[in-house]
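Remarks on the overall topology
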Amino acid sequence: MFWLRDGVSEGGAAHVGFTAPSKEAVDAAYAAAMAAGATGNGAPADRPYYAPGYYAASVFDPDGYSLEFTYKAWQHSKG
């Protein structure tokens, strides 16, 4: 899902979230982003203040845009 708003297109103007199939995939995405020149904005960790089972990592890409990699346990539960 993308949320668009009026404004100037510049670093920090966008936050893009990617869902991952596992915590390991979040870790790998964060490591790959850092190796490609991103700046850390939150190392991979549980984020219980967002929701139970929310695991995420955040970076700023080389242009300053915010990227988040998330694993949400409830999206992968079998029921």
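Throughout what follows, the structure given in this document is the object of discussion.

Cut-offs applied
- Residues numbered from 1 in each chain as written.
- Predicted model: local features only at pLDDT ≥ 70, side-chain atom pairs only at ≥ 80, totals over all residues.
- Heavy atoms only, no water.
- Helix = DSSP H or I, 4+ residues; strand = E, 2+ residues; numbered from the N terminus.
- Contact = heavy atoms within 4.5 Å.
- Areas by Shrake-Rupley, 256 points an atom, 1.4 Å probe, with all protein chains shown as cover.
- Buried < 20%, exposed > 50% of the residue type's maximum accessible area, 1.4 Å probe, protein only.
- Core = buried A, V, L, I, M, F, W, Y, C linked by side-chain atoms within 4.5 Å.
- Phe/Tyr/Trp six-rings, centres within 6.5 Å; stacked < 30°, edge-to-face > 60°.
- Expected span 1.5 Å × (residues − 1).

Here's the deal with the overall build of the protein chain
Of the regular secondary structure elements, the protein chain holds 1 helix and 5 strands. Within the protein chain, contacts between residues at least 6 apart in sequence are counted, and of these 42% link residues at least 24 apart. Just so you have it, the protein chain exposes about 5500 Å², and 57% of that area is on carbon and sulfur atoms.

Structural notes on the environment of A20
As for its position among the elements, A20 is in the loop between β1 (15-19) and α1 (23-35). A relative accessible area of 9% means that A20 is categorised as buried. The spatial distance from the C-alpha of A20 to the C-alpha of H76 is 9.9 Å, given a sequence separation of 56 residues. The contact partners of A20, leaving out residues within four places of it in the chain, are A25, V26, T70, Y71 and H76.

Quick look at the nonpolar core
Core analysis: the largest hydrophobic core is formed by 11 residues, namely A20, V26, Y30, A33, A38, Y55, A57, V59, L67, F69 and Y71. Only α1, β4 (54-60) and β5 (66-72) provide two or more residues apiece to this core. V26 has contacts with A20, P44, Y55, A56, A57, F69, T70 and Y71, leaving out every residue within four places of it along the chain.

As for the environment of G64
By secondary structure assignment, the location of G64 is in the loop between β4 and β5. Put simply, G64 and A14 are 50 residues apart on the chain and 8.9 Å apart in space, counted from C-alpha to C-alpha.

Considerations on the packing of aromatic side chains
To describe a pair of aromatic rings, you give the distance between the ring centres and the angle between the ring planes. Applying the stated rule across the entire model yields 4 aromatic pairs. Taking 6.4 Å as the distance between ring centres and 35° as the angle between the ring planes, the aromatic pair formed by Y54 and W74 counts as tilted. Placement of Y54 in strand β4 and of W74 in the segment after β5 is noted, with a sequence separation of 20 residues between them. Given the relative accessible area of 11%, Y54 is considered buried. Since its relative accessible area comes to 43%, W74 is described here as partly exposed.

Side note on α1
Since the α-helix advances by 3.6 residues per turn, residues separated by three or four positions end up pointing in the same direction. Over its 13 residues, α1 runs 18 Å from end to end, which matches the ideal 18 Å to within 8%, given 1.5 Å per residue. Next to the buried residues of α1 lie β2 (39-40), β4 and β5. Taken from the residues just after α1, G37 is the one with a positive phi, measuring 105°.

On their own, these measurements won't tell you what the molecule is for.
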